[in-house]
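Residues per chain are reported as follows:
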Amino acid sequence: MLIALSVFFVVGIVLVFLLAKEIDKQKRPHLYRGEIKKRFYSETKPKKKPRRASISAEHYQLIQLLNGDHQAAYRLIKGVQKRNPRETYQWCAEKALFDLERDRY
């Protein structure tokens, strides 16, 4: 009789331990490997932000010389590109900056 009670007691403790572990898995799925972890992270994964086009140093200097007028800087570069269609954007930005500095002083 005493042996049967001790067996039931041990089985009861094991069942309580397994139940507590299962409850912990459901509360914190990120700590356990397997499908629960994959689903948890795939749903909460942050989306990548689209990259913004960076401007060249010359374009930035041109904007500074024009007191922050982005549209005027863009117009000057586009005008140079229209007159020199085979040149790169970088070259056109440098040329617009050179022309502006030359005409100012």
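These notes cover the structure that comes with them. Not measured: the values here are computed from a predicted model.

Attention shifts here to the environment of Glu101. Looking at the secondary structure, you find Glu101 in helix 5 (residues 89–104). What makes Glu101 partly exposed here is its relative accessible area of 37%. Placed 36 residues apart in sequence, Glu101 and Leu65 show a C-alpha to C-alpha distance of 8.5 Å.

This part covers the pattern of salt bridges. Applying the stated criterion across every chain yields a total of three salt bridges. Linking Asp99 and Lys95 is a salt bridge whose minimum nitrogen-to-oxygen distance equals 3.0 Å. Remark: Lys95 and Asp99 occur in helix 5; sequence separation between them is four residues, near one turn of the helix. We classify Asp99 as buried; its relative accessible area is 12%. Judged by relative accessible area, which is 27%, Lys95 ranks as partly exposed.

Right, let's get into the nonpolar core. Core analysis: the largest hydrophobic core is formed by twelve residues, namely Leu62, Ile63, Leu66, Ala72, Ala73, Ile77, Val80, Cys92, Ala93, Ala96, Leu97 and Leu100. Elements supplying a minimum of two residues to this core: helix 3 (57–65), helix 4 (70–83) and helix 5. The element contributing the most residues to this core is helix 5, with five residues.

What follows covers helix 4. The first and last C-alpha atoms of helix 4 sit 20 Å apart over 14 residues, in line with the 20 Å expected at 1.5 Å per residue. Where helix 4 is buried, its residues touch helix 3 and helix 5.

A positive phi angle, near 55 degrees, is found at Asn67, a position not held by glycine. Relative to the helices and strands, Asn67 resides in the loop between helix 3 and helix 4. Overall, the relative accessible area of 73% leaves Asn67 in the exposed class.

Attention now goes to the packing of helix 4 against helix 5. Interaxial distance between helix 4 and helix 5 falls to 8 Å at its minimum, and their mutual angle equals 115 degrees. Taken together, the axes of helix 4 and helix 5 are roughly perpendicular relative to one another. Helix-helix and strand crossings are classified by hand; for helix 4 and helix 5 the assignment is right-handed. Taken together, the residues of helix 5 that come into contact with helix 4 (itself represented by Leu76, Ile77, Val80, Gln81 and Arg83) are Tyr89, Trp91, Cys92, Ala93, Lys95, Ala96 and Asp99. Its residues assigned to classes, the contact of helix 4 with helix 5 comprises eight nonpolar, one polar and three charged.

What counts, and where the lines are drawn
- Residues numbered from 1 in each chain as written.
- Predicted model: local features only at pLDDT ≥ 70, side-chain atom pairs only at ≥ 80, totals over all residues.
- Heavy atoms only, no water.
- Helix = DSSP H or I, 4+ residues; strand = E, 2+ residues; numbered from the N terminus.
- Buried < 20%, exposed > 50% of the residue type's maximum accessible area, 1.4 Å probe, protein only.
- Salt bridge = Lys/Arg side-chain N within 4 Å of Asp/Glu carboxyl O.
- Core = buried A, V, L, I, M, F, W, Y, C linked by side-chain atoms within 4.5 Å.
- Expected span 1.5 Å × (residues − 1).
- Contact = heavy atoms within 4.5 Å.
- Axes fitted to C-alpha atoms, helices over the stretch in contact; angles between N-to-C directions.
- Parallel < 35°, antiparallel > 145°, perpendicular 65-115°, else oblique.
- Left-handed = near helix turned anticlockwise from the far one by under 90°.
- Nonpolar A, V, L, I, M, F, W, Y, C, P; charged D, E, K, R; others polar.

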